[in-house]
Amino acid sequence: METVLSSILKMKDVERFNGTRKLQGYNLLEHSYMTAMLFRTFASKEDVAYDINVFDYVLCHDIPETITGDCVHPVKYFNEKTSDCWHTLEEEILNANPGIRRYGNIAEHLTERQYALFKMCDILDLAIFVYREIKLGNTLPAMIKTWNKCHELFRKYSNDWEDFPHIKSFVDKELNLGQL
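The rules behind the values
Here, residues in each chain are numbered from 1, in the same order as that chain's written sequence. Since the coordinates come from a predicted model, pLDDT governs what is reported: local features require at least 70, and pairs of side-chain atoms require 80 or more to be given and counted, while whole-chain, interface and lining totals use all residues. The basis for every side-chain value is the complete set of non-hydrogen atoms in the structure, without hydrogens or water. The axes used here are C-alpha line fits, helices contributing only the stretch in contact, and every angle between their N-to-C directions lies in the interval 0 to 180 degrees. To qualify as a helix, a DSSP run of H or I must reach at least 4 residues; to qualify as a strand, a run of E must reach at least 2; elements of each kind are numbered from the N terminus. Throughout this description, any angle smaller than 35 degrees is read as roughly parallel, any larger than 145 degrees as roughly antiparallel, any in the 65 to 115 degree range as roughly perpendicular, and the remainder as oblique. Here a crossing is taken to be left-handed if its near helix is turned anticlockwise relative to the far helix by less than a right angle, and right-handed if that turn runs clockwise. By definition in these notes, contact holds between two residues if any of their heavy atoms fall within 4.5 Å. Just so you know the grouping, Ala, Val, Leu, Ile, Met, Phe, Trp, Tyr, Cys and Pro go in nonpolar, Asp, Glu, Lys and Arg go in charged, and all remaining residues, Gly too, go in polar. Relative accessibility thresholds used throughout: buried, under 20% of the residue-type maximum; exposed, over 50%; partly exposed, between the two (1.4 Å probe, protein chains only). Summarising the geometry, the arc corresponds to the directions from the helix axis toward the C-beta atoms. Within 3.5 Å is the distance limit for a polar contact, defined as a pair of N or O atoms, with the added protein rule that one can donate a hydrogen and the other accept it, and that residues adjacent in sequence qualify only through two side-chain atoms. Note on aromatic pairs: the rings of Phe, Tyr and Trp (six-membered ring only in Trp) are paired at centre separations within 6.5 Å, and the planes decide the class, stacked below 30 degrees, edge-to-face beyond 60, tilted for the rest.

(A) Spotlight on the packing of helix 2 (residues 28–45) against helix 7 (residues 112–135). The N-to-C vectors of helix 2 and helix 7 enclose an angle of 125°; their axes lie 8 Å apart at closest approach. In terms of orientation, helix 2 and helix 7 fall into the oblique class. Relative to helix 7, helix 2 is oriented so that their crossing is right-handed. Residue-level contacts link H31, M34, T35, L38, F39, F42 and A43 of helix 2 to Q114, L117, F118, C121, D122, L124, D125 and I128 of helix 7. By residue class, the composition of the contact of helix 2 with helix 7 is 10 nonpolar, 3 polar and 2 charged.

So this is what it looks like as structure tokens:
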């Protein structure tokens, strides 16, 4: 049975972006930490209040992946059936591991604005990773497709950039690759 601490200790061993050639390492612990730090940074700039419990959910949002591994977005969301199957799998894993169950659906524990900011930061960490990969010369189709998907998801969770102007400014200034 998994506990939060045992899961956190395993996070460093779970590689993200499975099955894709990459030039840098990218593990679940790095991603979770960066997502939380981005959330903390942008919460104050975007005027999103939060407490230690919300921060805990953001920091540990991918703990179920210490059991399932990281399943890339195109597989999870290939179609409605694969999405439903993935959610069922995660639910079964969490039900069998009550120590980490609370991290299954963090949207239930965050306000709508907190959740949108969390998703923006979750995507931003991936975009930063992909940006660095592309700058290092990794222009494989999977990287370009992920880069474009990040920008599509930014528009979705920011209400087409009506919300989160500080994140938009950061993306425009720091992650500018032009049109790919």
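Alright, that's what it looks like, and here's the rest.
(B) Highlighting the packing of helix 7 against helix 9 (residues 165–174). Axis separation between helix 7 and helix 9 bottoms out at 12 Å; the angle between their running directions is 5°. Accordingly, the angle class assigned to the pair helix 7 and helix 9 is roughly parallel. Listed contacts from helix 9 to L117, M120, L124, I128 and Y131 of helix 7 are I167, F170, V171 and E174. Of the residues contributing to the contact of helix 7 with helix 9, the split by class is 8 nonpolar, no polar and 1 charged.

(C) Region of interest: unusual backbone geometry. The phi dihedral of N159 is positive, around 60°, even though this residue is not glycine. One can find N159 in the loop between helix 8 (141–157) and helix 9. Here the phi dihedral of D160 falls at roughly 55°; this positive angle occurs in a residue that is not glycine. Tracing the backbone through its elements, the reader meets D160 in the loop between helix 8 and helix 9.

(D) Molecular detail of helix 3 (residues 52–59). Three or more residues of helix 3 are buried, namely V54, F55, Y57 and V58. Projected down its long axis, helix 3 shows its buried positions confined to an angular sector of 160°, all on one face. On its buried face, helix 3 is in contact with helix 2 and helix 7. Regarding helix 3, its N-cap is D51, as a side-chain oxygen of that residue lies 3.0 Å from the backbone nitrogen of N53 further along.

(E) Here's a closer look at the packing of aromatic side chains. If you walk through the whole model with that rule in mind, you get 9 aromatic pairs. Arranged with centres 6.2 Å apart and planes meeting at 35°, the rings of Y131 and W147 form a pair that is tilted. Residue Y131 is found in helix 7, and its partner W147 is found in helix 8; the two are separated by 16 residues along the sequence. Here Y131 and W147 have matching classes, each one buried. Seen from their ring centres, F154 and W161 are 5.6 Å apart, and the 45° between their planes marks the pair as tilted.

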